[in-house]
Structure formats: structure tokens, C-alpha cells
Amino acid sequence: MTGTAELSGGVVLRPLAPDDAEALAQAYTRNRDHLRRWEPRRAEEFFTTSTQARRVRDMLQARDEGRMFPWVLADGDRIVGSVNVNDIVLGAFRNGHLGYWVDGALTGRGLATAAVREVCRAATESLGLHRLQAGTLLGNHGSQRVLRKCGFTEIGVAAQYLLIDGAWRDHLLFQKILHDG
Ligand SMILES: CC(C)(COP(=O)(O)OP(=O)(O)OC[C@H]1O[C@@H](n2cnc3c(N)ncnc32)[C@H](O)[C@@H]1OP(=O)(O)O)[C@@H](O)C(=O)NCCC(=O)NCCS
């Protein structure tokens, strides 16, 4: 999916664009409390347009090199979420790691589920991947529900898997074999 997909309520999923830095800085600032429990600790600079401009440049370079693919959820000029396929490895693996979030003011409307479905389609058809993996904190039942609704199945618990909100935390890992779905 290199174009734009309508999700619902005027929100679209589209590839990250070079001029998204300011809208991303605003989105992360608005969602600072909403995302804190689920993400790595962020330095103060993370919330500035200049840091987001560097992140956008790095992500677009990684995309051009086939290492990841970044999308955003957009509501007009506002960014209201993102979905990334990270750490793409081809060869005999053809695997990527999925990460996503939705603006705290717009949760519970099916946006994450619709966006992840689109990205699974793009990962199969455009990126040529065989498998997507995702990890959720054990208590992130909303995210686990999104993954199950999109056809992901549980692999199991990985102890001390990621450094989230300042501590190495256990995660429930999921996978989706893309040819089956
Ligand atoms: C998790 C997140 C992406 C879900 O986004 P969303 O747009 O609200 O998701 P959807 O509306 O598509 O679906 C949410 C589903 O989870 C369910 N859900 C939400 N909170 C839940 C909870 N605490 N327990 C059980 N189910 C829950 C909803 O009922 C819905 O399922 P349903 O359609 O069967 O009713 C969003 O809350 C978020 O950004 N959270 C913070 C960041 C994060 O956790 N990212 C994922 C990291 S793995």
C-alpha cells in the first residue's frame, strides 16, 4: 500500500511523508500520557519538531533501503496514529516487526484494527513478506484484541523482551503467516 486507504470517520492510512515532522511532534505531545505506559522512555527533545524531522528522515532512508516501512493515520492535517513494519529481513525469513498506536481521543472506533489489516495486506502484496511479528505488554489487552482480530496467533511469553517505560518487561508475542490470511 503505497497510496492512501480510507479507514473510518475521515481518518486515512498513508505512507509517512517528508513534511510530517511538525504534525508528528504535535501528535506525540498530545498523546504523551496516553503512550507513556506502552513505549520506551522519551527524552524531552523527542517532542520537538527538529527531533521528529530527524526521525522522519531516518525512517524514509530506512524505507528506501528496504529495512522498514512507516505509515501514519491522518485526520486532515493532524497525525492521529502510526503503524510501522520494522526490522525487515528478507532471504529465508521474509519477516517484519509490527508497531502501532492510535491517538487517545480516537480509540475504540476500530481504527487500529482497520490500519493493521491494511498493513498486513501491504506487507504481503507490496513488501513481499511471509510473516509479521508483534509483541504486546502482558496487560495490553486492547492491543492483543487488535492482533487477534487481524488474524495473529500467540507464540508465547518472552521474558524481559523490551525496555518499556524504564524497565525490561515481559511481552506476549504474536505472529501472522501472511500467505494464510
Ligand atoms: C492498542 C490501541 C492501538 C488500540 O487502538 P484502537 O483504535 O482503540 O483499536 P480498535 O478500536 O481497532 O480495537 C480495540 C479492541 O480492543 C478492545 N479493547 C480495548 N481495550 C480493551 C481492554 N482493556 N481489554 C480488552 N479489550 C479491550 C476493544 O473493545 C476493541 O475490540 P472489539 O472491536 O472486539 O470491541 C490503542 O489503544 C493505543 O494506541 N494504545 C497505546 C499504544 C499501544 O498500546 N500500542 C500497541 C503496542 S503493542
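Cut-offs applied
- Residues numbered from 1 in each chain as written.
- Predicted model: local features only at pLDDT ≥ 70, side-chain atom pairs only at ≥ 80, totals over all residues.
- Near = placed C-beta within 6 Å.
- Helix = DSSP H or I, 4+ residues; strand = E, 2+ residues; numbered from the N terminus.
- Nonpolar A, V, L, I, M, F, W, Y, C, P; charged D, E, K, R; others polar.
- Buried ≥ 20, exposed ≤ 12 C-beta atoms within 10 Å, placed from the backbone.
- Arc of directions from axis to C-beta.
- Contact = placed C-beta atoms within 7 Å.
- Core = buried A, V, L, I, M, F, W, Y, C linked by C-beta atoms within 7 Å.
- Pairing = 2+ DSSP bridges.
- Axes fitted to C-alpha atoms, helices over the stretch in contact; angles between N-to-C directions.

(A) Structural detail: the site of the ligand. Within the structure, the ligand sits among 19 residues, and Thr107, Ala112, Thr113, His141 and Gly142 are positioned closest to it. Counting only elements with at least two residues in the shell around the ligand, the list comes to strand 5 (95-102), helix 4 (111-125) and helix 5 (141-149). Per-element accounting of the shell around the ligand gives the leading share, five residues, to helix 5. When the residues that make up the shell around the ligand are grouped by side-chain class, the tally is eight nonpolar, nine polar and two charged.

(B) Layout of helix 5. Among the residues of helix 5, those classed as buried are Ser143, Val146 and Leu147. An end-on view of helix 5 places all buried positions within 95 degrees of arc, on one side of the element. Buried residues along helix 5 sit in contact with helix 4, strand 6 (131-137) and strand 8 (167-177). Within two residues after helix 5, Gly151 carries a phi angle of roughly 90 degrees, on the positive side.

(C) Inspection of the nonpolar core at higher detail. Among the nonpolar cores identified, the biggest contains 44 residues, and Leu73, Ala115, Val116 and Val119 are the most heavily contacted of them. Per-element accounting of this core gives the leading share, nine residues, to helix 4. Sequence-distant contacts of Leu73, that is, excluding residues within four places in its chain, are made with Leu7, Val11, Leu13, Ile79, Val80, Gly81, Ser82, Val102, Leu111 and Ala115.

(D) Highlighting the pairing of strand 2 (residues 11-15). Pairing analysis gives three bridges linking strand 1 (residues 5-8) to strand 2, with the strands arranged antiparallel. Counted as the bridge partner of Glu6 is Val12 from strand 2. The turn linking strand 1 back onto strand 2 is made up of two residues, and Gly9 within it adopts a positive phi angle of 60 degrees. Summarising the sheet, strand 2 and strand 3 (residues 69-75) pair through four bridges and their orientation is antiparallel.

(E) Highlighting unusual backbone geometry. Phi at Arg94 is positive, roughly 45 degrees, even though this residue is not glycine. Looking at the secondary structure, you find Arg94 in the loop between strand 4 (78-89) and strand 5.

(F) Quick look at the sheet that holds strand 3. If you walk across this open sheet you meet the eight strands as 1-2-3-4-5-6-8-7, and the pairing is mixed. Of all the strands in the sheet, just strand 1 and strand 7 (153-164) have a single pairing partner and so form its edges. Neighbouring strand axes in the sheet, compared pairwise and without regard to direction, differ in orientation by 30 degrees on average. Across seven bridges, strand 3 lies against strand 4 in antiparallel orientation. Bridging across to strand 4, Phe69 finds its partner in Val85. Here helix 5 sits on the sheet and contacts strand 6 and strand 8; the angle it forms with strand 6, its principal contact strand, is near 160 degrees.

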